Amino acid sequence: MLIAKVVLPIRLHQIFDYIVPDNLCTIVGAGQRIKVPFGNRQAIGIITALSKDSEFELDKLKTIHSIIDNQTLFSAKIWQLLNWAANYYHYPLGEVLFHALPILLRQGKLAALQETQIWQLTEKGRHFDTQLLSRSIKQQALLNLLQADQPVDNQDFSPAIFKGLQDKQLIEKVAISSITNDWRIDFQPQHMPFQLNQQQHTAINEIVRQLDKFTAFLLEGVTGSGKTEVYLQAIQSVLAQGRQALVLVPEIGLTPQTIKRFQQRFNVPIVVLHSAMSDKARLAAWLQCRTGDIAIVIGTRSALFTPFSNLGMIIVDEEHDSSFKQQEGWRYHARDLAILRAKIEQIPIVLGSATPSLETLNNAYNQRYRHLLLTERAGNAQLAKQTILDIKGLVLTAGLSQPLTAKIKQHLANNNQVMLFLNRRGFSPLLICHDCGWIAECPRCDRPFTYHQKQHKLICHHCDTPRTIPTQCPKCGSTHLVPIGFGTEQLEQQLNILFPTIPVTRIDRDSTQKKGSLDQYLQAIGKGGKHILVGTQILAKGHHFPDVTLVGIVDVDGALFSSDFRATERFAQIYMQVSGRAGRENKTGEVILQTYHPEHPLLNNLLHNGYSAFAKQTLAERKSTLLPPFSYQALIHAADRNNQYAPQLLQKIVDWLHTYHTDPSLWLLGPSPANQPKKAGYYRWQLLLQHGQRAKLQAILSELVIMIEKWSEAKNSRWSIDVDPIDG
Ligand code: ADP
Ligand code: ZN
Ligand code: ZN
């Protein structure tokens, strides 16, 4: 009798045995989806292996109901990657395999192209100047989105708008399955737009010399030093071999300009995987990558699992960005798995950043990665002048000191643009009763609500719960409720008062929620002329603002004095990104940092000696304190509604570890309340495990997970393991 070992998309490390009916014996195999009875329902499972035996009694086993795929959905390489990842992150294989598939496949749809029709730019539409459509704002907006390869929501555009563009021959309807002629046959290397500088030249040469084997490169270069150009030219030689390229980026919405450059450079099918994509389009992209019809995939972390017929290179842009780490469910790190994928595929991988993560830098210093440096800014752009502004004793209005305001005035007078960075959205982080001191708090998180004036709401920034603004204090009845502290909204308001004739654009999560709004802002700013930009770290990422000559960092002290050992690294990264915004092209820029601690050693090292010096100092500190990357961590989270089982579960783990793992180099911290001890009604606890050897920690976790799944405390709380956590 033939037994199929099957995993299901459930949070259990269990493999289920099913009998293969005779008529299916010759066509079943690992990696295929099947339908099986599970409990009193039918479930979709994936076969992981076939066997003649079962550890269960045969007459207790159920039989496979039907088979969905007649061949595996996973190439041997992806299969290896996913199995390794399930093991490493101690996450159930069933969940991992399903996670790697498009939604329609998870739901049991066939892995075959359906004839769907989509709108696509014509050649004319691709290069059409959208300004010429200014008489039809909607058509213009739609064409803008299509040109930027941004998601188009059909609710935003009526069929008549599409028809209008079609009549102008700017877009056409095509069947998805017939988008492509074979790009590999008529691939034309492009004429390169400029002379590479020496460092770019060296970098590209190094990379293309290694096309047939695994090599990891760290491409470190300040913003504007020409990293994207290096990616483009490296990819060009991959395409010339008829091979495909995968480009991982932190957030699609933040990289329209980069995507445009790829599309303008290469006359090959490029797919941009983004969250607003329809399930059908996503499946089509998945299938077309698998057959090789698509040449380049640009996407966020889950694009890593795209199947390719002949992958030739992986690029991870902004490799330090924390969005590559999935923060719930299967908590994998897409950059780390990308390295593994490149190793399995035997291809080069390029990690690019102006501010590499300390993990990656350490790998480069140890020569595990090749370190490629771009130290000059491409073109004539100069590095910005940096000033620390001591604000002790100064009057601040919405965070602005008088000297900073004077500087803003001066730069605007020269017809330049100014960017102010404040990593706190909303109007103010507190609403307080002036008479009794009552604070408006989110009852689910026990944290203060943020006051949002524009939306006229209180919003909890931890669980996103909105609430109407009370007119009276619920405690003393006073109507005197006052906002305390300031966020981007208040800063924007203050700037409008100070500079009534200058356009002020705020860019943060609130102001960019509406689709296409970020693009509109960027366009308005791109027109040049006096302009003030206010925003959170969204501003820091990727955009090109050639007319900004002054960057003001309104508040740095929050980041410098944090209990999280990674906070300074994150600050340094954000600082470099923000200050890199000033003075691109041929305008010299200036950066001003407001702080109460101008003598702070880290700040001074960063400003005077640069990111590398800062990184070396911080790595040395981490080494002496045995923090990552000089040790390995796993964080076990547990949460429940009664604040009972979660801490009990973690304590039980501690007791178990003390009894069965008397390894003196295993270091435990906790159980302790999580950074945010209460969230959305759940009390949250954590336990940190740290070990000097990765393999030892892994072995302990493997045993531990099997134990935990058996304990009743685990069934009564939500728990998870975060291997290589980046917060907490
Ligand atoms: P990064 O990705 O490091 O921010 P980019 O590749 O975007 O840098 O380059 C910054 C700007 O300089 C872009 O406008 C790009 O077109 C231009 N550029 C890149 N390389 C060169 C070069 N060798 N000569 C002139 N301009 C260049
Ligand atoms: Zn009160
Ligand atoms: Zn809340």
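Residues numbered from 1 in each chain as written. Chains lettered and ligands numbered in written order. Predicted model: local features only at pLDDT ≥ 70, side-chain atom pairs only at ≥ 80, totals over all residues.

J.: I'm lost on the sheet that holds strand 23 (residues 450-452) in this one. Help?
T.: What holds strands together in a sheet is hydrogen bonding between their backbones, with the strands either parallel or antiparallel. Read across the open sheet, the 3 strands follow the order 23-24-25; overall the sheet is antiparallel. Pairing within the sheet leaves two strands with one partner each, and these edge strands are strand 23 and strand 25 (466-467). Pairing analysis gives 3 bridges linking strand 23 to strand 24 (residues 457-459), with the strands arranged antiparallel. Looking at strand 24, one finds that T450 is bridged to I459. (Pairing = 2+ DSSP bridges. Helix = DSSP H or I, 4+ residues; strand = E, 2+ residues; numbered from the N terminus.)

J.: Please explain the environment of V591 as it appears in this structure.
T.: Tracing the chain through its elements places V591 in strand 30 (residues 590-595). Taking the number of C-beta atoms within 10 Å as the measure of exposure, V591 has 24 and is therefore buried. Filtering out sequence-adjacent residues up to four positions away, V591 remains in contact with A384, Q386, V551, S579 and A582. (Buried ≥ 20, exposed ≤ 12 C-beta atoms within 10 Å, placed from the backbone. Contact = placed C-beta atoms within 7 Å.)

J.: What exactly am I supposed to notice about unusual backbone geometry here?
T.: Across the junction of P628 and P629, the peptide omega takes the value 10 degrees, indicating a cis bond. Mapped onto the elements, P629 comes out in the loop between helix 18 (601-624) and strand 31 (632-640). Omega for the bond connecting G670 with P671 falls within 30 degrees of zero, at 5 degrees, which places this linkage in the cis form. Relative to the helices and strands, P671 is located in strand 32 (residues 667-679).

J.: When you look at the environment of I207 in this model, what are you seeing that I'm missing?
T.: By secondary structure assignment, the location of I207 is in helix 7 (residues 198-208). Residue classification places I207 among the buried residues on the basis of 26 C-beta atoms within 10 Å. In contact with I207, other than residues within four places in its own chain, are F217, A234, P348 and V350.

J.: Explain the sheet that holds strand 12 (residues 296-299) to me, please; I cannot follow it from the model alone.
T.: Pairing is parallel across the open sheet formed by 7 strands, whose spatial order is 11-12-10-13-14-9-15. What marks the edges here is a single partner per strand, and that holds for strand 11 (270-273) and strand 15 (370-374). Adjacent strand axes in the sheet meet at a mean angle of 15 degrees when their direction is disregarded. Where strand 9 (residues 215-221) lies against strand 15, 5 bridges are found, and the strand directions are parallel. Bridging from a neighbouring strand, G221 pairs with L374 of strand 15. Along the sheet, helix 8 (residues 227-240) contacts strand 9, strand 10 (244-248), strand 12, strand 13 (311-317), strand 14 (348-353) and strand 15; its crossing angle with strand 13, the most-contacted strand, is approximately 170 degrees. (Axes fitted to C-alpha atoms, helices over the stretch in contact; angles between N-to-C directions.)

J.: What is the right way to read the packing of helix 7 against helix 8 from this model?
T.: The axes of two packed helices give the description: the angle between them and the distance between them. At a minimum axis separation of 10 Å, helix 7 and helix 8 run at an interaxial angle of 35 degrees. For the pair helix 7 and helix 8, the sense of crossing is right-handed. Listed contacts from helix 8 to Q200, A203, I204, I207 and V208 of helix 7 are E229, V230, Q233, A234 and S237. Classifying every residue of the contact of helix 7 with helix 8 gives 6 nonpolar, 3 polar and 1 charged. (Left-handed = near helix turned anticlockwise from the far one by under 90°. Nonpolar A, V, L, I, M, F, W, Y, C, P; charged D, E, K, R; others polar.)

J.: Is there a simple way to think about the pairing of strand 13 in this case?
T.: In summary, the side chains of a regular strand alternate between the two faces of the sheet. With 7 of 7 residues buried, strand 13 is to be regarded as a mostly interior element. Examined bridge by bridge, strand 10 and strand 13 share 5 bridges and lie parallel to one another. Note that in strand 13 the partner of Q244 across the bridge is L311. Two strands pair when backbone bridges link them, and strand 13 and strand 14 are joined in this way by 4 bridges, in the parallel orientation. For D317, the partnering residue across the bridge sits in strand 14 and is G352. Of the crossover connections in this fold, the one passing from strand 13 over helix 11 (residues 334-345) to the parallel strand 14 is right-handed. (Right-handed = clockwise from strand over helix to strand, strands pointing away.)

J.: Help me understand the pairing of strand 12, please; the structure alone is not making it clear to me.
T.: Burial along strand 12 is two-sided: the face carrying I296 and I298 and the face carrying V297 and G299 are both buried. Sheet topology places strand 11 next to strand 12; 4 bridges connect them, and they run parallel. Bridging across to strand 12, L273 finds its partner in G299.

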